[in-house]
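# Working through the structure, step by step
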There are 2 protein chains.
Amino acid sequence: MPQLLHHKLDPASRLVRLMFAEYGIEVELVDVAPWRRDPDFLEINPAATVPVMLDEPFPPVVGLLASIAHIEANFGPDAHIEALLPENGTQRNEVWRLIEWVILKLGPEVTSYLLEEKLIKRDLRSGAPEPATIRIAKANLAEHLAYFNWIFATRRWLAGDTLTLADFALAAHISILDYMGDIAWEKAGELKDWYARIKSRPAFRPLLTDRIVGMPASSTYADLDF
Amino acid sequence: MPQLLHHKLDPASRLVRLMFAEYGIEVELVDVAPWRRDPDFLEINPAATVPVMLDEPFPPVVGLLASIAHIEANFGPDAHIEALLPENGTQRNEVWRLIEWVILKLGPEVTSYLLEEKLIKRDLRSGAPEPATIRIAKANLAEHLAYFNWIFATRRWLAGDTLTLADFALAAHISILDYMGDIAWEKAGELKDWYARIKSRPAFRPLLTDRIVGMPASSTYADLDF
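Attention in this report is confined to the structure presented alongside it. The shown structure was predicted, so the numbers you read here are calculated from the model rather than taken from an experiment.

Calculation rules
Residues numbered from 1 in each chain as written. Chains lettered and ligands numbered in written order. Predicted model: local features only at pLDDT ≥ 70, side-chain atom pairs only at ≥ 80, totals over all residues. Heavy atoms only, no water. Pairing = 2+ DSSP bridges. Helix = DSSP H or I, 4+ residues; strand = E, 2+ residues; numbered from the N terminus. Axes fitted to C-alpha atoms, helices over the stretch in contact; angles between N-to-C directions. Parallel < 35°, antiparallel > 145°, perpendicular 65-115°, else oblique. Contact = heavy atoms within 4.5 Å. Phe/Tyr/Trp six-rings, centres within 6.5 Å; stacked < 30°, edge-to-face > 60°. Buried < 20%, exposed > 50% of the residue type's maximum accessible area, 1.4 Å probe, protein only.

### Thoughts on the sheet that holds strand β3 (residues 52-54) of chain A
Residues and elements named next belong to chain A. Taken in spatial order, the four strands make up an open sheet running β2-β1-β3-β4, and their pairing is mixed. The two strands at the open ends of the sheet, each matched to only one other strand, are β2 (28-31) and β4 (61-62). Of the pairings in the sheet, the one linking strand β1 (residues 3-6) to β2 comprises four bridges and is parallel in character. Opposite Gln-3, over in β2, you have Glu-28 as the bridge partner.

### A word on the packing of helix α1 (residues 11-22) of chain B against helix α3 (residues 64-74) of chain B
Between two packed helices, both the angle of their axes relative to each other and the distance between the axes serve to describe the pair. Residue and element names in this part refer to chain B. Contact geometry of α1 with α3 gives a least axis separation of 10 Å together with a crossing angle of 5°. Judged on the interaxial angle alone, α3 and α1 are roughly parallel. Contacts between α1 and α3 involve Ala-12, Leu-15, Val-16, Met-19 and Phe-20 from the first element and Leu-64, Ser-67, Ile-68, Ile-71 and Glu-72 from the second.

### Topic: the packing of aromatic side chains
Residue and element names in this part refer to chain A. Overall, the coordinates contain 24 aromatic pairs over all chains when judged by the stated rule. Taking 5.5 Å as the distance between ring centres and 70° as the angle between the ring planes, the aromatic pair formed by Phe-20 and Phe-75 counts as edge-to-face. Taken as a pair, Phe-20 in helix α1 (residues 11-22) and Phe-75 in the loop between α3 (64-74) and α4 (89-124) lie far apart in primary sequence, 55 residues in all. A single burial state applies to Phe-20 and to Phe-75, both of which are buried. Both rings, one in Tyr-179 and one in Tyr-221, keep their centres 4.9 Å apart while their planes meet at 75°; by these two values the pair is edge-to-face. Of this pair, Tyr-179 sits in helix α6 (residues 165-179) while Tyr-221 sits in the segment after α8 (205-208), placing them 42 residues apart in sequence. Just as Tyr-179 is buried, Tyr-221 falls in that class too.

See the structure below:
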């Protein structure tokens, strides 16, 4: 069984966990706090990021993009499971466009800031959260949510008619922001309906039992009727 | 012929240009300054990023990851050209690991800051470069170069024995940093030998003729014997 070095509130790790779960592949989870820069971990991944997949006899599979490629190549779905990366080129391009939005815009402009202020500083005892930074991240979040709501006004899933990896990419971030209580669900519009559908999928359930010691989840986090 | 909406000093655009050139595919370049947020451009890409590929009859191909997937699927190399994404899974994972390093670490920690301070602020007339930001970006750059030199101590190309897309990803950034005069070549070690090899490839030549009005290239930029 492959091992996944991950952190419970790391969005890229969650994307990979969702992908494995949707394809029905079991994986053993190993908790890592990459920002602590443990030398043994740095030897595997000098970038000090998760996820890292250990899948003998292959060398470690390091990072999100390599993990996606590795899973597609080695654990790709049976014919009776819908693929998360569509065969059709135009649809696949749309999936990659939205994954890139999530990892190169939403991540750096929102999730990374909030994780740094609320989780990493606490874990490293390196100071109190900076209110100005949190304010900026939340203002950025509001703009991102407006864009995704604009998409969901005409689409059932993020990239079109079917669930794809783009949905899991976004849901990984939304679930972490929800854990920290940063999503104002009463103002969330169509995004809320979409997230309710995703949250109810069997692949998503294990994530809803994740807890960080000393950092309780918001009241909506594990609630399917939020 | 596909059109590429690009900026001459945008690293993701350069990666796509190098990929097209290495595969021997002609592409028509259309200059865009994405930070000016032109409404016609935003309608094609609300993320306000380049590259965007226009390749009729397909809808616009938006972003770096979609462009890579689209080129591989539609302009993949003939049997007599070496593929930039290796067939072998372990090698391909290593390529993706390093591309991710470049676009999720080197880019945000170095190139984006320097482009913002030196190019975008100037273009938008939004103030003078911030010396403290430039200093931090250059300190980050020194750490990245140390890592890449460590790799090049044992490898001819970034991901192993052959040139891959990872080399072009890194070279796109290095070439832009070199244009702005931010690479101290006298201290660059093995990276310099690697860059000299890349720079001499036919695929690279067109980039060396790029110029930004009012922002001259460094003396080393177009020099193959730098």
